[in-house]
Amino acid sequence: MSLAEAVGHGVVVPRRHRGALGRQLRSELRLVFGRRRNLILLGALAAIPLAIGLAVKVSPPGGPGDGGGPQFLDRITGNGLFLVLTALLVTLNLFLPVVVGIIGADSVAGEAQAGTLRYLLGVPVRRGRLLLVKAVGIATYALAAVSTIAIVAAIAGVSLFGAGSFTLLGGQTVSPGEGLLRVLGVLIYVWLSLFGLLAVGLLISTLTEVPMGAMAGTLGFAVLSLVLDSIPQLHAIHGALVSHYWRTFGTLIRVGPDYGSLARHLLLQLAYVGIAGGLAWARFSDADVTS
Amino acid sequence: MTTLVEGEAEDTAIPRSAPVIATTGLTKRFRSGQVAVDHIDLTVERGAVYGFLGPNGSGKTTTIRMLLGLIRPTDGAVSLLGDPVPGNEAHALAKVGALVEGPAFHPYLSGWANLRRLDRMDETADPATHEERLSNALARVGLTAAANKKFRQYSLGMKQRLGIAAALLQPRELLVLDEPTNGLDPQGTREVRHLIRELSDDGLTVFVSSHLLAEVEQICTHVGIMSVGKLVTQGTLDDLRRGGTTIVTVTTPATELARKTFATLGLADAAVSGDEVHASLGSIEPEAVTVALVNAGVPVRGLAVSKPALEDLFVEITGEGFDVAR
């Protein structure tokens, strides 16, 4: 190869090429999903519904109204799809926030620690664009995490307990197709429920060069929210806590879903995305990158 | 594809003669209160190989980070290829390849995958020539055989080369290389010097920092010397050397006679060591020294005129040894 071809005569006129955002997003997803650690993490999440399903198979609960264990647990033996709801409920309080924390920590703090952040900015990738790409990366991984749990739970549940007709909360029975559709709705809703925490994770990630610290900070934020939500005296602020509506997805499998509460929750998540995302941008667009 | 225009660039409003890098009063004071860079006025002309020299800790890397928009100046301004930084660095940086404070890549990805990552994130990279450009960049630094090895398994020298390959993924106008020979063996150092010369011959401006003066002075046309956050001098290497002391050394058995001859000629600091006599040449021509020695009957075995090394210049300018300056 001749040098002159590659380099010209010292004058370069760069031009943007179409589809750049698509290439950047694919590159980010490849980075996130190409990392073995992240795939192992998905495998670990897949083990949770399997464990619940096998435990219920070995020792079935007493039937509807038994009262013990997480919500929906007593319905799994009637329709395996309920394993999806139980698994999501169980993972939402701890495992899914951990996942958001880990991937969020990788996003900016991880690149800063590895030193790759300065090279990305030198490419150059504009800082706002980089945050957007990182946010999409975390959100996509969160979707993969929720889907992994749901799909493994659905397969395990149906093969262990069968599908049959789907009995809604409230007693009405609907077709397996509608049941599946409602469970799919729950999956999407749980995913969207994580967006507020996701934005907070991204913000914390821009504040440090230590991914471990970013992870702990994000998880701490989620735990704090859950703890505050459990203190009745703090009722006044409950509605503003990122985790307050996390467990409301059950309404999607009621006879008449409470769309008002669903909408309030999604608006709350949107507000978190706006505020935390805005702060992340304000911080990152002006930050000194010294790593 | 990125168009290469010879002669005139349609998007550059600035004349070709404008400096590639120009800073005015550039200052960085860290939150700790430490002034890492103290009102420096850098000027790097197009086509130059500019050696940005100074001991470790003299503010070179902080300056480079400001040039590239990674950190904000506390005071002063940067113009990079005519664009203000911060402000329009995205426009300028597309024409700049940079190696900053050592190579940094994802350890669990191969060299190829790491370059692919950077190229895919580049809005100005043509996807149609992606693979070709990656292969070429790896070939330029001799890493073709190690393309699929994980970065973590690379030696220090290979890592450094991958960093240079990343800077060469796209056509550039300016290369900023921060300590590019760090961790390289003598052979690797020679290769990097050779590469810089080649790129310079192609019309690129090269801004190369180093704390090893002797290593860089062989390839630089211009030099700027940093000491404790200040740019103590800058200019062409020739001008700088002219300001320094040129030493003339004569090898002879008649050292005392030679020393007297030097003194008669008016050469300063004449001194004897072994069978050599040396003195500052000053403004006297070397041939005049030769004639005077022969006329005085000094048996000359050898005569050498040595231009001052950058290291000596540094000591002259700052009044301190290079290695101890902090």
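Predicted model, so just to flag it, every value in this text is computed and none were measured.

K.L.:
What is the right way to look at the overall build of chain A in this model?
P.N.:
Each helix and strand in chain A was counted, giving twelve helices and two strands. In sequence order, the secondary structure elements of chain A are arranged as α-α-α-α-α-α-α-β-β-α-α-α-α-α. Along the three orthogonal principal directions, the C-alpha set of chain A runs to about 80 × 50 × 30 Å. Restricting the contact set of chain A to residue pairs at least 6 apart, pairs at least 24 apart contribute 75%. Accessible area for chain A stands at about 12,200 Å²; split by element, carbon and sulfur atoms hold 67% of it. Computing the positive centroid from 21 side-chain charges and the negative centroid from 12, chain A places the two 7 Å apart.

K.L.:
Whenever I open this one, the nonpolar core confuses me. Can you help?
P.N.:
Grouped together as the largest cluster of nonpolar side chains are 161 residues, with contacts concentrated most on Phe249(A), Ile253(A), Leu68(B) and Phe207(B). With 16 residues, the top contributor of residues to this core is helix α7 (residues 127–161) of chain A. Among residues more than four places away in sequence, those in contact with Phe249(A) are Phe72(A), Leu85(A), Leu88(A), Leu89(A), Leu92(A), Val186(A), Tyr189(A) and Val190(A).

K.L.:
Explain a nonpolar patch on the surface to me, please; I cannot follow it from the model alone.
P.N.:
Together, Val223(A), Val227(A), Ile231(A), Leu234(A) and Ile237(A) make up an exposed nonpolar region whose accessible area comes to about 340 Å². Tracing the sequence through the fold places Ile237(A) in helix α11 (residues 235–238).

K.L.:
I keep staring at the interface of chain B and chain A and nothing clicks. Help me out?
P.N.:
One widely used convention gives an interface's size as the accessible area the parts lose upon coming together. In this complex, chain B contributes 55 residues to the contact, which on the side of chain A involves 49 residues. Summed over both partners, the interface of chain B with chain A buries about 4,800 Å², with 57% contributed by carbon and sulfur atoms. In terms of surface lost to chain A, no three residues of chain B exceed Arg117(B), Met121(B) and Glu123(B), which account for 17% of the buried area on that side. Applying the counting rule to chain B against chain A returns seven salt bridges. The residue Arg117(B) makes a salt bridge to Glu28(A) at a minimum N-O spacing of 3.0 Å. Across the contact surface, chain B and chain A share 24 residue pairs in polar contact (both at pLDDT 80 or more). Listing elements by their share of the side of chain B that touches chain A, those giving two or more residues are α2 (89–93), β7 (96–99), α3 (111–120), α4 (130–140) and α6 (186–201) of chain B. A total of four residues in the side of chain B that touches chain A trace back to one element, the largest contributor, which is α3(B). Of the residues in the side of chain B that touches chain A, the class split is 26 nonpolar, eight polar and 21 charged.

K.L.:
Is there a simple way to explain the sheet that holds β7(B) in this structure?
P.N.:
The strands making up a sheet associate through hydrogen bonds between their backbones, and the pairing can be parallel or antiparallel. All names here are of chain B. With mixed pairing, the six strands of this open sheet are ordered in space as β7-β8-β9-β4-β10-β11. Every other strand in the sheet has two partners, leaving β7 and β11 (230–236) as the edge strands with one partner each. Geometrically, the sheet is characterised by an average inter-axis angle of 10 degrees between neighbouring strands, direction not taken into account. Relative to strand β9 (residues 205–210), strand β4 (residues 49–53) runs parallel, the two being bridged by five bridges.

K.L.:
How do you make sense of the environment of Asn56(B) when you look at a structure like this?
P.N.:
Residue and element names in this part refer to chain B. By secondary structure assignment, the location of Asn 56 is in the loop between β4 and α1 (60–67). Accessibility expressed as a relative area gives 39% for Asn 56, which makes it partly exposed. Sequence separation between Asn 56 and Ser 227 is 171 residues; the distance between their C-alpha atoms is 9.3 Å.

K.L.:
What's the story with the packing of aromatic side chains in this structure? I'm lost.
P.N.:
The way to describe two aromatic rings as a pair is by their centre distance and the angle between their planes. All told, the structure shown has eleven aromatic pairs over all chains when counted by the stated rule. These aromatic residues form a ring-pair network of at least three members: Phe72(A), Phe82(A), Phe166(A) and Phe249(A). A cation over an aromatic ring shows up here: Lys159(B) above the ring of Phe151(B), its NZ or CZ 5.3 Å from the ring centre.

K.L.:
Help me understand the sheet that holds strand β13 (residues 268–273) of chain B in this model?
P.N.:
Residue and element names in this part refer to chain B. Spatial strand order, β13-β14-β12-β15: four strands in an open sheet with antiparallel pairing. Each having just a single partner strand, β13 and β15 (302–306) make up the two edges of the open sheet. Sheet twist, expressed as the mean angle between neighbouring strand axes with direction ignored, is 15 degrees. When strand β12 (residues 247–251) meets strand β14 (residues 276–280), the two strands line up antiparallel, connected through five bridges.

K.L.:
Would you explain the confidence of the model for chain B in this entry?
P.N.:
Interpretation of the predicted coordinates at a detailed level should be avoided for regions scoring low in pLDDT. Looking at chain B, the pLDDT average stands at 87 and 93% of residues meet or exceed 70. Contacts of residues 1–14 of chain B to residues separated by more than four positions or lying in other chains number 27 contacts, the stretch itself having pLDDT below 50.

K.L.:
Any chance you could explain the pattern of salt bridges here in plain terms?
P.N.:
Note on pairing: side chains with opposite charge can pair once their charged atoms come close. Summed over all chains, the structure comprises 21 salt bridges over all chains. Residue Arg16(A) is joined to Glu123(B) by a salt bridge in which the shortest nitrogen-to-oxygen separation is 3.0 Å. Here Arg16(A), found in the loop between α1 (3–7) and α2 (20–33), pairs with Glu123(B), found in the loop between α3 and α4, and the two come from separate chains. Among the residues examined, Glu123(B) registers a relative accessible area of 6% and is labelled buried.

K.L.:
Can you help me understand the domain arrangement of chain B in this one?
P.N.:
The domain architecture assigned to chain B consists of domain 1 (21–242) and domain 2 (245–307). Between domain 1 of chain B and domain 2 of chain B, the C-alpha centre-to-centre distance is 43 Å.

K.L.:
Is there a simple way to explain the environment of Thr24(B) in this structure?
P.N.:
Residues and elements named next belong to chain B. By secondary structure assignment, the location of Thr 24 is in strand β1 (residues 21–29). Along the primary structure Thr 24 and Gln 160 are separated by 136 residues, whereas in three dimensions their C-alpha atoms are 31 Å apart. In this view, Thr 24 contacts Ile 40, Asp 41, Gly 76 and Ala 77; residues no more than four positions away in its chain are not counted.

K.L.:
It is not clear to me how empty space enclosed by the protein should be interpreted in this structure. Could you clarify?
P.N.:
Unoccupied space between atoms shows up once a probe the size of one water molecule is rolled over them. Inspection of the entire model under this criterion finds four cavities of 30 Å³ or more. Here the largest cavity is characterised by a volume of approximately 160 Å³. Every residue lining the largest cavity is counted, 16 residues in all, and those nearest its centre are Tyr119(A), Gly122(A), Val123(A), Ala166(B) and Arg172(B). Those elements that place two or more of their residues in the lining of the largest cavity are α6 (116–122) of chain A together with β7, α3 and α5 (156–167) of chain B. Tallied by class, residues from the lining of the largest cavity come to nine nonpolar, three polar and four charged. Approximately 60 Å³ is the volume attributed to the second largest cavity. As for the second largest cavity, its lining consists of Glu111(A), Thr116(A), Tyr119(A), Leu120(A), Ala104(B), Phe105(B), His106(B), Asn114(B), Arg117(B) and Leu118(B). For the lining of the second largest cavity, the elements supplying multiple residues, two or more each, are α6 of chain A together with α3 of chain B. Its residues assigned to classes, the lining of the second largest cavity shows five nonpolar, three polar and two charged.

K.L.:
Would you take a moment to explain helix α10 (residues 211–229) of chain A for this structure?
P.N.:
Side chains of residues three or four places apart in an α-helix project in the same direction, reflecting 3.6 residues per turn. All names here are of chain A. Relative to the 27 Å expected for 19 residues at 1.5 Å per residue, α10 spans 27 Å between its end C-alpha atoms, a close match to the ideal helical length. Every buried residue of α10 is accounted for by Pro 211, Ala 214, Met 215, Thr 218, Leu 219, Ala 222 and Ser 225. The buried side chains of α10 occupy one side of the element, clustering within an arc of 125 degrees when seen end-on. On its buried face, α10 sits against α5 (95–114) and α9 (195–206).

K.L.:
When you look at helix α12 (residues 259–284) of chain A in this model, what are you seeing that I'm missing?
P.N.:
With 26 residues, α12(A) should reach 38 Å at 1.5 Å per residue; the first-to-last C-alpha distance of 36 Å fits that figure. In this structure, the buried residues of α12(A) make contact with α5, α6, α7, α8 (176–193), α9 and α10 of chain A.

What counts and what doesn't
Sequence order as written defines the numbering, with residues in each chain counted from 1. Lettering for chains starts from A, numbering for ligands starts from 1, and both go in the order in which the items are written. Predicted model: local features are reported for residues with pLDDT of at least 70 only, side-chain atom pairs are reported and counted for 80 or more only, and whole-chain, interface and lining totals are derived from all residues. The side-chain figures draw on all heavy atoms in the structure; neither hydrogens nor water molecules are used. Put simply, DSSP marks the helices as runs of H or I at least four residues long and the strands as runs of E at least two long, and each gets a number from the N terminus on. Contacts are assigned to residue pairs with any non-hydrogen atoms lying within 4.5 Å of each other. Note that accessible areas follow from Shrake-Rupley with a 1.4 Å probe, and for residues the cover is restricted to the protein chains shown. As used throughout, the charge tally considers Lys and Arg to be positive and Asp and Glu to be negative, leaving His and the chain termini uncounted. Here the site of a charge means NZ on Lys, CZ on Arg, CG on Asp, or CD on Glu. Think of a nonpolar core as a cluster: buried Ala, Val, Leu, Ile, Met, Phe, Trp, Tyr and Cys residues, connected wherever their side-chain atoms sit within 4.5 Å. The buried label goes to any residue with under 20% of its type's maximum accessible area, the exposed label to any with over 50%, and the partly exposed label to all in between, with areas taken from a 1.4 Å probe on protein chains only. Two distance rules govern patches: like charges are joined within 9 Å, and nonpolar side chains (Val, Leu, Ile, Met, Phe, Trp, Tyr) within 5 Å, applied only to residues with over 30% relative accessible area and no salt bridge. By salt bridge we mean one thing: a side-chain nitrogen of Lys or Arg within 4 Å of a carboxyl oxygen of Asp or Glu. Accessible area that two parts lose when put together, with a 1.4 Å probe and added across both, is what the buried area reports. Polar contact is defined as a pair of N or O atoms within 3.5 Å, subject to the rule that within protein one atom must be able to donate a hydrogen and the other to accept it, and that residues adjacent in sequence are counted only when both atoms are side-chain atoms. Note on residue classes: Ala, Val, Leu, Ile, Met, Phe, Trp, Tyr, Cys and Pro are nonpolar, Asp, Glu, Lys and Arg are charged, and everything else, Gly too, is polar. Pairing between strands is defined by DSSP: at least two bridges between the two strands are required. The axes are straight lines fitted to the C-alpha atoms, using for helices just the contacting stretch, and the angles between their N-to-C directions are given from 0 to 180°. Pairing of aromatic rings covers Phe, Tyr and the six-membered ring of Trp, with a centre-to-centre limit of 6.5 Å; geometry is then stacked below 30 degrees between planes, edge-to-face above 60, and tilted otherwise. Two thresholds decide whether a charge sits over a ring: the Lys NZ or Arg CZ must be within 6 Å of the ring centre and within 35 degrees of the ring normal. What pLDDT expresses is the predictor's confidence in each residue, scored from 0 to 100. Those domain boundaries reflect an automatic or database domain assignment. Here a cavity is any set of points on a 1 Å grid over the protein atoms alone where a 1.4 Å probe fits but cannot get out, and a pocket is any open set with protein on both sides within 12 Å along at least 5 of 7 lines; a residue lines the site when it has an atom within 4 Å of a point. Grid points are joined across faces, edges and corners, and a volume is the space filled by probe spheres set on the points. Multiplying 1.5 Å by the helix residue count minus one yields the expected span of that helix. Comment: arc refers to directions from the helix axis out to C-beta atoms.

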